[in-house]
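Next come the chains, spelled out residue by residue.
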Amino acid sequence: MRTGSEPVTARSALRMRFWLSLWGLIWAAAGTVAFALAGRPGWAAACGALWLIVTADMAMILRHIRQGPHYQPGRDIPPYEPDQGGKGTS
């Protein structure tokens with residue numbers, strides 16, 4: 001249920017997710033190279049797949065950071081009424 005305080009209390013963890021993704025990107029790339037040089041193609045492929053996933057996640061995070069803040073209703077918008085279990089109020 002919406003309480004009406006969401007615009008005041010909402011916080012984004014996008015910058016933390018960016019730095020964690022960067023850390024994961026570095027380790028996945030290093031793992032891919034290390035396992036490829038060690039002759040372990042299965043582990044190199046697993047690290048390479050993880051590298052691609054982390055890269056896609058980082059691209060999405062950067063896109064969301066660049067979009068900036070989205071619309072949040074102000075204090076003058078009342079909270080939503082609780083759901084009555086699918087019963088319409090018409």
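All values derive from a computational prediction rather than experimental measurement. (Residues numbered from 1 in each chain as written. Predicted model: local features only at pLDDT ≥ 70, side-chain atom pairs only at ≥ 80, totals over all residues. Heavy atoms only, no water.)

Things to note about the confidence of the model for the chain
Do not read the fine detail of predicted coordinates wherever pLDDT is low. As a reminder, the rule being used: Think of pLDDT as the predictor's per-residue confidence, scored from 0 to 100. Helix and strand assignments come from DSSP, with helices taken as H or I runs of at least 4 residues and strands as E runs of at least 2, each series counted from the N terminus.
Averaged over all residues, the pLDDT of the chain is 81; the fraction at 70 or higher stands at 64%. Within the chain, helix H1 (residues 6–9) has the poorest average pLDDT of any element, 58, and helix H2 (residues 14–37) the best, 95.

Quick look at the environment of Thr55
Applied cut-off: Residue exposure (1.4 Å probe, protein chains only): buried if accessible area is under 20% of the type maximum, exposed if over 50%, otherwise partly exposed.
Mapped onto the fold, Thr55 is located in helix H3 (residues 41–67). In this structure Thr55 comes out as partly exposed when scored by relative accessible area, which is 39%. Once the C-alpha coordinates of Thr55 and Leu25 are considered, the two residues, 30 residues apart in sequence, prove to be 6.8 Å apart.

A look at the packing of aromatic side chains
Going by this rule: Pairs were defined over the aromatic rings of Phe, Tyr and Trp, the Trp ring being its six-membered one, requiring ring centres within 6.5 Å. Orientation was assigned from the angle between planes: stacked under 30 degrees, edge-to-face over 60, tilted for the rest.
Inspection of the entire model under this criterion finds three aromatic pairs. Arranged with centres 5.0 Å apart and planes meeting at 75°, the rings of Phe18 and Trp19 form a pair that is edge-to-face. Taking the relative accessible area as the measure of exposure, Trp19 reaches 55% and is therefore exposed. Between the aromatic rings of Trp23 and Trp27, the centroid separation amounts to 5.9 Å while the plane-to-plane angle is 70°, which identifies the pairing as edge-to-face. Of this pair, Trp23 and Trp27 both sit in helix H2, four residues apart, roughly one helical turn. Both residues of the pair, Trp23 and Trp27, count as exposed.

Digging into the packing of H2 against H3
Formally: All axes are obtained by fitting lines to C-alpha atoms, using only the stretch in contact for helices, and the reported angles, taken between N-to-C directions, cover 0 to 180 degrees. Throughout this description, any angle smaller than 35 degrees is read as roughly parallel, any larger than 145 degrees as roughly antiparallel, any in the 65 to 115 degree range as roughly perpendicular, and the remainder as oblique. Here a crossing is taken to be left-handed if its near helix is turned anticlockwise relative to the far helix by less than a right angle, and right-handed if that turn runs clockwise. Asp, Glu, Lys and Arg are counted as charged, while Ala, Val, Leu, Ile, Met, Phe, Trp, Tyr, Cys and Pro are counted as nonpolar; the rest, among them Gly, fall into the polar class.
For the pair H2 and H3, interaxial distance at closest approach is 8 Å and the crossing angle is 155°. What the angle tells us is that H2 and H3 run roughly antiparallel. Crossing handedness for the pair H2 and H3: left-handed. Partitioned by chemical class, the residues of the contact of H2 with H3 number 19 nonpolar, seven polar and three charged.

Focus on H3
This is how the line gets drawn: Working rule for helices: expected span equals 1.5 Å times residues minus one. Contact between two residues is taken to exist if any of their heavy atoms lie within 4.5 Å; hydrogens are not considered.
Helix length check: H3, at 27 residues, gives a terminal C-alpha distance of 39 Å against a target of 39 Å (1.5 Å per residue), a fit within 8%. Every buried residue of H3 is listed here: Ala44, Cys47, Gly48, Val54, Met58 and Ile61. Close packing links the buried residues of H3 with H2. Where H3 terminates, the next one or two residues include Gly68, which has phi positive at roughly 80°.

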